[in-house]
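Chain and residue survey
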Amino acid sequence: MKCPSCKEEISESTDKKFRPFCSERCRSLDLSDWFNERNVISSNLSHSED
Ligand SMILES: [Zn+2]
C-alpha cells in the first residue's frame, strides 16, 4: 500500500489511524487539496448565480 499523498510505501509500523495515508501530515494535505477544489467549484457556482 502506498500513501495517496506522498506515494511513500506504508509499512506495517505505520500508525493505522492515518491509513490510507502514511502520516497525519499527508492526511491533512490531501484533505486540504480536496477542500480547495471544492472551494473553487463552489466559488464558481456562486459567481455564476450572482
Ligand atoms: Zn504520505
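For the structure, check the block above.
Presented here is an overview of the structure given in this document. (Residues numbered from 1 in each chain as written. Predicted model: local features only at pLDDT ≥ 70, side-chain atom pairs only at ≥ 80, totals over all residues.)

As for the overall build of the protein
To keep it simple, the criterion reads: Put simply, DSSP marks the helices as runs of H or I at least four residues long and the strands as runs of E at least two long, and each gets a number from the N terminus on. Here the C-beta atoms are placed from the backbone, and a residue counts as buried if at least 20 other C-beta atoms lie within 10 Å of its own, exposed if 12 or fewer do, and partly exposed otherwise.
Of the regular secondary structure elements, the protein holds one helix and zero strands. Considering the protein as a whole, with its 50 residues, one finds that 8% of them fall into the buried category.

What about unusual backbone geometry?
Following Arg19, the chain continues to Pro20 via a peptide bond in cis, the omega torsion being 5°. Relative to the elements of secondary structure, Pro20 occurs in the segment before helix H1 (24-49). You will see that Lys7, though not glycine, has its phi angle at about 65°, which is positive. Residue Lys7 is classed as exposed on the basis of its 9 C-beta neighbours within 10 Å.

Details of the environment of Glu9
In this structure, Glu9 sits in the segment before H1. Separated by twelve residues in the primary sequence, Glu9 and Phe21 place their C-alpha atoms 9.5 Å from one another.

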